[in-house]
Amino acid sequence: MRTQYDDTYARSMRDPQGFWAAAAEDLYWERRWDRVLDDSRAPFYQWFTGGLLNTCYNALDFHIDRGRGKQRALIYDSAMTGTIKTFTYDELRDEVARLAGALRRLGVGKGDRVLIYMPMVPEGVMAMLACARLGAVHSVVFGGFASKELAKRIDDAKPKVILAGSCGLEVNRIVSYKPLLDGGIELSRHRPDRCVILQRPQERAALVKGRDLDWDDFMAGAPAAECVPVAATDPLYILYTSGTTGIPKGVVHDNGGHGVALKWSMQNIYGVGTGEVFWTSSDIGWAVGHSYIVYGPLLKGCTSILYEGKPVGTPDPGAFWRVISQHGATVFFTAPTAFRAVKKEDPQGTHMGKYDLSRFRTLFLAGERCDPDTLLWARNKLGVPVIDHWWQTETAWPIAANCVGLGMLPVKPGSPTKPVPGYDVRALSEDNTEMPPGEIGSIAIRLPLPPGCLPTLWNNDVGYETSYLTKHPGYYLTSDAGYKDGDGYVYIMGRVDDIINVAGHRLSTGGMEEVLAGHPDVAECAVVGVADDVKGEVPVGFVVTKAGVSRPDGEIVKELIHRIRDQIGPVAAFKTAIVVQRLPKTRSGKILRGTMKKIADSQEYTLPATIDDPAILGEITEALKGAGYAKERR
Ligand code: COA
Ligand code: AMP
C-alpha cells in the first residue's frame, strides 16, 4: 500500500523544482527567485537564485505580523542556575533588533562575520538572529573547544566582532570562557575589531582595554535595526566541523534554501505545528542546536526551549521529564548518549513517573548511531514513538528519518528509516555501482543535494569538491558506511574516515594524533575510538616514545591528556593514553587502527594478511587489558 510518505518522496524525486518551489511559498520573500535550482555551475548547485529574503524576519517578525507576537518564542530553562525566563515573539524580536542595532554601531554589516562563543544563554540565540537580521554571517564555536581550536576558526572566518560569555557552567565547575577567548585571539593571525563580553554573575571577566566591551555598555541606547534583505544564496552561517585532519571544515549554509528546508522539516519530519512547544536538548555550538533550537522551531512559529543543563546530575535523571512537563513540550529531540546516561542512573525510569508527560508525543534521537537497546528502552518507558534519524552538520537537516508528519512508517530499531524527501540516498561500491539490498557500501547522495545542505565550504570550493564530490562522481560523499534493506530502509553503520562520535560530538582522531605527535617525547602515535557504554565512543591514544626517553610513562601520559584538553578541549573526553613499544603496521607502514579498535572492543578480528609483525598485536592486547579494555576476547 502506498503511503503519504511514498507519494511525497516520489514527487520530490520526479520534480524537485516544483516540490521545493511549493515549499518556498511558506516563507516571506522580499523578492521571488528567478530560478528554483541553478545548475549553471554544477556540481556547485544553488537554490532560489535571484530571490531576496531575510531569515531573521521569517523567524521572528513574520509571526508578529500575523498576530502571534504574544506567543512564547523562547523559554530559557537553566538547571545550572535555577532560572526560567520566557520571551514572547514580540520580546525576542525587540531584543534581537536592538542587538543588531548595537552590532551595526560597531560597523557590522551584510557579509561581515561575527564569531559567537557563548554558553547556553538567550543572548547566544539572540546573537545568531541579530547577525541574520543584518545579513552578517555568524560562526558559533562550541564552548567545550579550547583556545587553539578557537584560533583556527578565527583565522578562517576572520570575524569583525566576537560575542562571548564570561563563563559557562558545567556540573561541578565554572568554565572560564574569557581566558580561552583571549588565548584564541593571541594564537590567531587575524584580530577582531571588538570583543563584546556578556558578564555572567557566576564569574565576571577582566576586559582588555580598547578591544573588549561590556555587553550592557554595548547594548545601551542601541537603536533597533530593521531586517536587511539578502540573496537567497548569501551565507547565513559558517559552522566548523571536524574533518579528517586537525583543520576543521567551514560548512556554509545559505539563507533561502536553508529557510525553506528547515521550515518544511518541522511539520513533515517532526510533525509539529505553529504554536506548539518543541524542545531540542543540544548546544547552539552544534548543527543540531543551530537547526532545531534556533532556526527550525522559530521559522515554524513554535515555542523553542533553550536548556542549560545535563540529562543527569542537574539535579537528577528526571531533568528531561521535568522540562518536558513544565513547559508542555510535544516533541523532544536529543542524542542517544543522553538517554544512555539517563538509563544508567535510572534504569527503571522511575523519574518519568513523577511528571505529567501527557502532552509529549514523539522523541527524536540523532547525532550518532542509535543502538536498538536504547531505542527500545526509551520507547517502553515513555510509551511514545521513538524516532532515530540521521543527518550531518553538512546537511543541516535530516537525510533519513521516519517522517512523522507524513504518516509514521513501521519502526525498525537500528535504522533511521527511509530517505527524507529531497534526498536520493544510495549505498555505492568502490566503482560507483549500487550495492544490492543488505550489502554495506559507501553511503552517498545523488546530486543536487536538496535545499538547506551546504553549497560549499567557506572560501574553499576546492576543499568542498575534493572532500565531498570527487570519490563518487555525481554524488555527495557522506563518509558514512551503511546499507539499504529490501524495503528501502537505510542503516548507518559508522564513519569510513577517522571521525569518531563522542557523546554525540563529532571529533577527528587525526586531529588528536596531530596534537599527540607534537609532544617532544612522542615518536609516533595512533588514536582510535573505542566503545563506551554511555558516550558511544571515546578516544584512546597509543604512543611510542622516542629512543632515549627515560621519563616514567605515567608522567608522559598525564602530559598527553592535558595536551589534548588544552589544545582541543575537554569535549574530546581524551582520558586514556597508553605507551607501547611499537604500533601494529602493514608491511607498507600503514598503522592498523581498525584492528586495534577491534581488540579494544573485545571483538573478533582477522589477522591482516599484510601485517608486518603479528606479535605486536599481543603486546597491544596486554596494554589495552591493563587500561581496562580488551576484556572478554572470545
Ligand atoms: N563548555 C565547556 N566545557 C564543556 C562544555 C561546554 N559547553 N560542554 C561539555 N564540556 C566539558 C564537560 O565539562 C566535560 O569536562 P570534564 O572532562 O572536565 O568532565 C567534557 O567537556 C565532556 O563533556 P560531555 O561530553 O558533556 O560529557 P559529560 O560526561 O559531562 O556528560 C553526557 C555526558 C552524555 C551526559 C553528555 O555528553 C550529554 O548530555 N550529551 C548529549 C550530547 C548532545 O546533546 N549532543 C548534541 C548532538 S545531537
Ligand atoms: P555531525 O556532523 O556532528 O552531526 O555528525 C554527523 C555524523 O554523526 C554522521 O556522519 C554519522 O556518522 C553520525 N550520525 C548522526 N546521526 C546518526 C544516526 N541517526 N545514526 C547513525 N549515525 C549518525
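About the thresholds
Residues numbered from 1 in each chain as written. Chains lettered and ligands numbered in written order. Predicted model: local features only at pLDDT ≥ 70, side-chain atom pairs only at ≥ 80, totals over all residues. Heavy atoms only, no water. 1 Å grid on protein atoms, 1.4 Å probe; cavity = no way out; pocket = protein on both sides within 12 Å on 5 of 7 lines; lining within 4 Å. Points joined across faces, edges and corners; volume = space filled by probe spheres on them. Helix = DSSP H or I, 4+ residues; strand = E, 2+ residues; numbered from the N terminus. Nonpolar A, V, L, I, M, F, W, Y, C, P; charged D, E, K, R; others polar. Salt bridge = Lys/Arg side-chain N within 4 Å of Asp/Glu carboxyl O. Buried < 20%, exposed > 50% of the residue type's maximum accessible area, 1.4 Å probe, protein only. Contact = heavy atoms within 4.5 Å. Near = heavy atom within 4 Å. Polar contact = N/O pair within 3.5 Å; in protein donor to acceptor, adjacent residues only side chain to side chain. Areas by Shrake-Rupley, 256 points an atom, 1.4 Å probe, with all protein chains shown as cover.

A. Here's a closer look at empty space enclosed by the protein. Counted according to the given criterion, the structure contains 2 cavities of 30 Å³ or more. Here the largest cavity defines a volume of roughly 140 Å³. Along the walls of the largest cavity sit 15 residues, with Glu149, Ser242, Thr245, Gly246 and Ser508 positioned nearest its centre. Of all the secondary structure elements, the ones that give two or more residues to the lining of the largest cavity are α6 (147–157), β28 (505–508) and α15 (509–517). If you tally residues by element for the lining of the largest cavity, the top one is α6, at 3 residues. Looking at the lining of the largest cavity residue by residue, the classes come out as 6 nonpolar, 6 polar and 3 charged. Looking at the second largest cavity, its volume works out to about 100 Å³. Around the second largest cavity, the lining is made up of 13 residues, and of these Tyr45, Leu449, Cys453, Leu454 and Pro455 lie nearest the centre. Looking at the lining of the second largest cavity element by element, the count peaks at 3 residues for strand β2 (residues 44–49). Among the residues forming the lining of the second largest cavity, the class breakdown is 11 nonpolar, 1 polar and 1 charged.

B. Layout of the pattern of salt bridges. Evaluated as defined, the whole model comprises 44 salt bridges. Here Arg446 and Asp424 are joined by a salt bridge, their closest N and O atoms 3.7 Å apart. Placement of the pair is Arg446 in strand β24 (residues 441–446) and Asp424 in the loop between β22 (418–419) and β23 (425–428), with a sequence separation of 22 residues. On the basis of relative accessible area, Arg446 is assigned to the partly exposed category, the value being 40%. In this structure, Arg551 engages Glu559 in a salt bridge whose closest nitrogen and oxygen atoms are separated by 2.4 Å.

C. Fine view of the environment of Leu409. Counting through the fold element by element, Leu409 comes out in the loop between β21 (400–401) and β22. A relative accessible area of 9% places Leu409 in the buried class. Those residues in contact with Leu409, other than ones at most four positions away along the chain, are Thr3, Tyr5, Asn402, Thr417, Lys418 and Tyr489.

D. Structural detail: the site of ligand 2. As a matter of local geometry, ligand 2 sits amid 14 residues, with Asp388, His389, Thr393, Asp480 and Arg506 nearest to it. Contact between ligand 2 and Asp388: a nitrogen atom at 2.8 Å from a side-chain N or O atom of the residue. One nitrogen or oxygen atom from the side chain of Asp480 is found 2.6 Å from an oxygen atom belonging to ligand 2. Calculation on ligand 2 without its partners gives an accessible area of 500 Å², and the protein chains cover 94% of this total.

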